[in-house]
Every structure is written in structure tokens, then in C-alpha cells.
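What follows is the residue order along each chain.
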Amino acid sequence: MTQLYTDPFGPPWKLNWLRLILHWKGSLMQFFWVELIFASLTTTFAIAIYYFVAKGTPTADLKDSSQSLTVITEYLSSRFQSAISLMLGFYTSILYTRWWEIRVLEGVVIGRINDIAPQIAAFIRDGPLYEKEKSDEAGKSKEEPLFERTPIETSFNDEGANNIKVSPFSASKGQERMYSCTGAQEIRMHLVRWLNLAHALAVGDLYEKKPNEFASLEHLKDCGLLNDKEYIYMLNNSRSRYVAPFVWFLNLVNELKDRGECGVDGHTIFILSSNITRIRGSLADLYMYRNVPVPLAYRQLVNITVRSYMLLVILRWMALIVNDADGTWDTDYVEGHIFWAVLPFTFEYFVFVGWITLADALGNPFRYWADAFEWENYVRTVSLSSNLFITESRDASTSVVDLKQSTQSVLEKQRIALS
């Protein structure tokens, strides 16, 4: 679940930055502290063994044997630090950009579904039924009801949306036919359902949570995103299941256009299909990011380089302490200096390996962890909001007649409020 945290900006006495650092859930330390402690204890153990094995040896002999080690480690460490900092900067930038792009793509999918839902509510009309009577007189026209509201036979059920039956109204001479479709609410519902079905199928395949509720076709059927006929189709056509909802969507609106039903025309098709293209393209890009990870060799190089540097840090501090010793190598001297060898190692390990750990966490936004994207919640939320656009929001809309009646009242209240 995406973590919310204290904004570090503010007066210094409020210690917002400290609250940010101490935030545990989803933090770096939550999944890094075990490795950090293990590395520190291992280093302490290795240095202690070396020191105690050399107990009683004259320091002059130890210095002679460690002189080459000191020179080599100092030389390599001085060059590794700048190279590693540059490498980790690029590495983190690449993986953060990847994380951000995936976030933007999912935002496009959510936004476009919520964009297209009110367009469906506005463009897929179910009345009133009327036709424009063309007048020979220039500049004159009138609108008259042509039919009583005759029910149009619809068959929206588990057999799918392709069984819509429309009444064969025909316009009389000199008149221009408008729209007629009493099954419009069912059509709107299925169009929005197919959009959310495509989103849910993608999340079910991309999100690595186990179990992932949207990975199961049975669950999609149980929650109303699949009907029986579609369920059987997807069981038998696993490769085309991810594009099928878009094909069903466009087939239905084009059929409505060909029949002249529900007010669907070429302009409606253009607007709806452009949004469909954006949704499908964003989902395809999400699959691309999942199926084409950061090159393995690049990640191996970064990890090997950083961890090799940490080994150099251990050897460097062991050699430095030996070079600072005087007289005979004894236990008291060893016990007093182990801490000063382990402390800088632990700090550098936290900075450099923690940096890699953070970058690797960002490199796979489909992973299930403490600060993961809320993929399943995204599907549920957009499904709810998009369906509200075609139900409650549309039912609460005001007719032209009602607006005309309330115009004077609204203008009067605005005049009082602005005076």
C-alpha cells in the first residue's frame, strides 16, 4: 500500500525531518536492517579473528606484511568512491524514471476510463424521440414529437451485448431522423464494464501479489465484470483476452452508428475510439515495462562493484589500525580498536548498499511490498467512479425546461452574493 508520511518541510523546532526519518512502514530500514546488521556483525567477527590470530606478534612484523595491502586498498578505495557515486546516481535515476513512468501510465488508464464514462453517459442517448421537420422557408424550422415513446426490444443478458434489437423506425419525407434507443442504460453499463474489465485483466496479469484477486477469471465473473459467454470465450482464447473488451466496445458503438440508434454518429465514434486507443496503448506500455526489465548485466555490474568496494573498506581499516599500532600486538589494543573499524564500515554500507536497495525496490513497481502501488484498489476505485458517472450523476442531471425555470432564481442569488 502506498505510504503517506510527514512532510519534512516546516519550522526546524517541529522536527518534521526526524519524523520522516523515523517513519517505519515502507521505509528503507524496514527491509534493509537485517542485511545491515548481518554485514556489521560479519565484519566484526572477521576483524576479531584476524586480530586475535596475530596476538603477541610484534607490530613491526605486522606492518611489514600489511604494507602492500595498505597501498592497494588506499589506491582502489580512492578511485572506487567517485566511480561508485556516479554509477549509483545513474542507476537510481534510471530505475526511478522507470517507476515514475509506470505510475504515469496507470494514471492515464484511470483518468481515461473516468473521462470516457461521462462521455458515454452524454453520447449514448435514450430519448426524447423526435425528428426535425425541414421547412422550405429560410431560417424556419420546428421540432415536433414524431412517435410516442415506443419500447425498443432489448436483450441484454448473460448472452452478451450483441443481442440488442432495435425498432425499425423510418423517417418520413422531409424529416431528419434523430435517435431512438430505450436500451441505452444497458448499453452504457456494458461499455463501461468492458473498460474496467480490460483494466482488471491487465492488473491481474501484471501485479505480483499472491494471491491476486483479479488474476482469476472466476473472480472477475463473480464481481460482475464478465458474463457467462465472455467467460467461456476467455477460457478458450487466453492470448486475445486482453484486447477482446476493446473489440467488443468498438463493435457495439459502430453497430449503433450503422443502425442510427442512441444518437451515435461519426463524431461520437471518433471521441470514444481516441480514448480507447490511449487506454489500450497505456496498458500495452505497462506490459512492456513488465516484460522488458532493466538489463541483467547492468544490475549485476552495479551490485558486484558496490559489494567489492565494501570488502575493500574492511581490508583498508584493518590495515590502518595495524599501521597505527606500537609495541606488541595485545588484546587490549584490539578490543579498543575494533569498534573504530566497524563503525565507518557500517556507515558506508548503509549509504552505498542502501542506495542500491532503494533503486532495486523502485525498479519493479509491480512487486508486492510495504510501499507498493495499490493496483487492486485502483481497479476497484475506478470501477466504482466510472459507474457512478452513468448512473447517479446522469440521473441527477437537469432538463432544459427545468434550467429555464430556475434561471431567474440563480441570477438573483448570484447578484446578491456578488453585491
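What counts and how
Residues numbered from 1 in each chain as written. Predicted model: local features only at pLDDT ≥ 70, side-chain atom pairs only at ≥ 80, totals over all residues. Heavy atoms only, no water. Helix = DSSP H or I, 4+ residues; strand = E, 2+ residues; numbered from the N terminus. Buried < 20%, exposed > 50% of the residue type's maximum accessible area, 1.4 Å probe, protein only. Contact = heavy atoms within 4.5 Å. Areas by Shrake-Rupley, 256 points an atom, 1.4 Å probe, with all protein chains shown as cover. Core = buried A, V, L, I, M, F, W, Y, C linked by side-chain atoms within 4.5 Å. Axes fitted to C-alpha atoms, helices over the stretch in contact; angles between N-to-C directions. Parallel < 35°, antiparallel > 145°, perpendicular 65-115°, else oblique. Phe/Tyr/Trp six-rings, centres within 6.5 Å; stacked < 30°, edge-to-face > 60°. Salt bridge = Lys/Arg side-chain N within 4 Å of Asp/Glu carboxyl O. Expected span 1.5 Å × (residues − 1). Polar contact = N/O pair within 3.5 Å; in protein donor to acceptor, adjacent residues only side chain to side chain.

**Some remarks on the overall build of the chain**
Looking only at helices and strands, the chain features 13 helices and 3 strands. Within the chain, the proportion of its 419 residues that are buried is 38%. The contacts of the chain with a sequence gap of at least 6 include a subset with a gap of at least 24, amounting to 78%. For the chain, the exposed surface amounts to about 23700 Å²; the carbon and sulfur share of it is 61%.

**With respect to the nonpolar core**
Among the nonpolar cores identified, the biggest contains 55 residues, and I120, L191, L197, L220 and F249 are the most heavily contacted of them. Within the residue set of this core, elements represented by two or more residues are helix 3 (59-123), helix 4 (184-206), helix 5 (217-222), helix 6 (228-236), helix 7 (244-259), helix 8 (266-291) and helix 11 (375-390). Looking at this core, the element that brings in the most residues is helix 4, giving 13 residues. Residues in contact with L197, not counting those within four places in the same chain, are L220, L225, L226, M234, P245 and W248. Y91, V313, F345 and F352 belong to the second-largest nonpolar core, a separate cluster that totals 26 residues.

**A short note on the packing of helix 4 against helix 11**
Where helix 4 contacts helix 11, the two axes come as close as 10 Å, and the packing angle between them is 170 degrees. Our classification of the angle between helix 4 and helix 11 gives roughly antiparallel. For the pair formed by helix 4 and helix 11, the contact residues are Q185, R188, M189, V192, N196, H199, A200 and V203 on the first element and W375, E376, Y378, V379, V382, S383, S386, N387 and I390 on the second.

**Remarks on the packing of aromatic side chains**
Evaluated as defined, the whole model comprises 14 aromatic pairs. Consider the rings of W99 and F373, whose centres lie 5.3 Å apart with planes at 35 degrees: the pair is tilted. One end of the pair, W99, is in helix 3; the other, F373, is in the loop between helix 10 (331-362) and helix 11, and 274 residues separate them in sequence. In this structure, W99 and F373 share a single accessibility class: buried. Judged by centre distance (5.8 Å) and plane angle (65 degrees), the rings of Y233 and W248 are edge-to-face. With a gap of 15 residues between them, Y233 in helix 6 and W248 in helix 7 connect regions that are remote in the sequence. You can call Y233 partly exposed: its relative accessible area is 30%.

**Concerning the pattern of salt bridges**
Two side chains with opposite charge may pair up if their charged atoms get near one another. Evaluation of the coordinates by the stated rule reveals 8 salt bridges. Across the pair R290 and D205 runs a salt bridge whose closest N-O atoms are separated by 3.6 Å. You can see R290 sitting in helix 8 and its partner D205 sitting in helix 4, a full 85 residues away along the chain. For R290, a relative accessible area of 27% corresponds to the partly exposed category. D228 serves as the salt-bridge partner of K221, at 3.1 Å between the closest nitrogen and oxygen. Overall, the relative accessible area of 32% leaves K221 in the partly exposed class. What makes D228 partly exposed here is its relative accessible area of 32%.

**What about helix 8?**
In this model, helix 8 (26 residues) spans 37 Å end to end at C-alpha, consistent with the 38 Å of a helix rising 1.5 Å per residue. Near the N-terminus of helix 8, the side chain that reaches the backbone nitrogen of H267, with its oxygen 3.2 Å away, is that of D265.

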